[in-house]
Amino acid sequence: MFDSSRKNFLLAAIFSSAILLTGCGQDKPAPAPQQTETPAAQPEKTSDRVSQADNFALGKVSPGMSEEELVKAVGEPKSKSLDNEEWHYENFKIEFDDDKPGIVDKVSTLGDKVTTPNGVAVGQSLNILIEKFGEPAKTDDDSAEREFTFYSPDNRKEIEFEVVNKKIVKITCKLRD
């Protein structure tokens, strides 16, 4: 058998090897993972564009929502028309569908306090509109005013921007006929 000095030497060697293999109990930082993406990957501008139905709204109001959903989202209006088809809020106006009572048909604003979900507001430039929404499906030119219209992917809604002197002056979002 082994004498005690050989036994101690062997145990010390095994113990030392174990310590070296485990790194003396210290955690070493893991090597940095290899990058598989381009270093400065930028989000595509199309993510801001109207490629999603969610952008066919003004503030918290979307055409097609019920009267109950509207009140829950933005509260009671400041005033209502006698026939209850138009509701007026501080920064926008709601019109209800004649054929479907109690369903929001149109929401519009002339002020800059209410924006589309992707951040377009009255007072912003035509360049921002095109950057956020892309090329319009339709444009109408009147004397001093231009209208830029975009349709939702399912063609159920449209959003129209009135532009004067390359500035947005009105936004209307509505159900399509």
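Refer to the structure presented above.
Everything numeric here is computed off the predicted structure, so don't read it as measured data. The residue numbers shown here count from 1 along each chain, following its written sequence. In view of the model being predicted, local features appear only for residues whose pLDDT reaches at least 70, and side-chain atom pairs are presented and counted only at 80 or more, with totals across whole chains, interfaces and linings using the full set of residues. Hydrogens and waters are ignored; side-chain quantities use all the structure's heavy atoms.

(A) Structural detail: unusual backbone geometry. Of note, asparagine 165 is a non-glycine position whose phi angle comes to about 50°, a positive value. Mapping asparagine 165 onto the fold places it in the loop between β7 (157-164) and β8 (167-175). Of note in the backbone geometry, lysine 166 takes a positive phi value of approximately 65° without being a glycine. Each helix is a run of H or I in the DSSP string that is no shorter than four residues. Each strand is a run of E no shorter than two, and both are numbered from the N terminus. Residue position: lysine 166 is located in the loop between β7 and β8. Only protein chains enter the calculation, and the probe is 1.4 Å; a residue is then buried if its accessible area is under 20% of its type maximum, exposed if over 50%, and partly exposed in between. Lysine 166 sits in the exposed class, given a relative accessible area of 61%.

(B) Region of the structure containing the sheet that holds strand β3 (residues 93-96). Strands sit in the order β1-β2-β3-β4-β8-β7-β6-β5 across an open sheet of 8 strands; the sheet is antiparallel. The sheet is open, and its two edges are formed by β1 (79-80) and β5 (138-141), each paired on a single side. Pairing between strands is defined by DSSP: at least two bridges between them are needed. Bridge count for strand β4 (residues 104-109) against β8 is 4 bridges, and the pairing is antiparallel. Within β8, the residue paired with valine 107 across the bridge is cysteine 173.

(C) Quick peek at the packing of aromatic side chains. Any two of the Phe, Tyr and Trp rings considered here, Trp counted by its six-membered ring, make a pair once their centres fall within 6.5 Å; the pair's planes then place it as stacked at under 30 degrees, edge-to-face at over 60, or tilted in between. As enumerated under the stated definition, the model contains 5 aromatic pairs in all. Look at phenylalanine 133 and phenylalanine 161: their rings are 5.0 Å apart centre to centre, the planes differ by 65°, and that puts the pair in the edge-to-face class. You can see phenylalanine 133 sitting in helix α3 (residues 126-133) and its partner phenylalanine 161 sitting in strand β7, a full 28 residues away along the chain. No difference in accessibility class separates phenylalanine 133 from phenylalanine 161, as the two residues are buried. Clustering of aromatic rings is evident, with ring pairs tying together Phe133, Phe150 and Phe161. Put simply, a charge is over a ring when the Lys NZ or the Arg CZ is close to the ring centre, within 6 Å, and near the line of the ring normal, within 35 degrees. Sitting above the plane of the tyrosine 151 ring, arginine 176 keeps its charged end 3.8 Å from the centroid.

(D) Summary view of the pairing of β5. Both β5 and strand β6 (residues 145-151) contribute to a ladder of 4 bridges, which runs antiparallel. Paired with aspartate 140 across the bridge in β6 is glutamate 147. Taking the residues that link successive antiparallel strands as the turn, the β5-β6 hairpin has 3 residues.

(E) Broad picture of the pattern of salt bridges. Think of a salt bridge as a Lys or Arg side-chain nitrogen and an Asp or Glu carboxyl oxygen that are within 4 Å of each other. One pass over the full model with this rule turns up 6 salt bridges. A salt bridge links aspartate 112 to lysine 113, with the nearest nitrogen and oxygen atoms 3.9 Å apart. Judged by its relative accessible area of 62%, lysine 113 is exposed. Here glutamate 158 makes a salt bridge to lysine 174, at a shortest N to O gap of 3.8 Å. Highlighted residues: glutamate 158 in strand β7 and lysine 174 in strand β8, separated in sequence by 16 residues. One salt-bridge network, held together by shared partners, links Glu158, Lys174 and Arg176.

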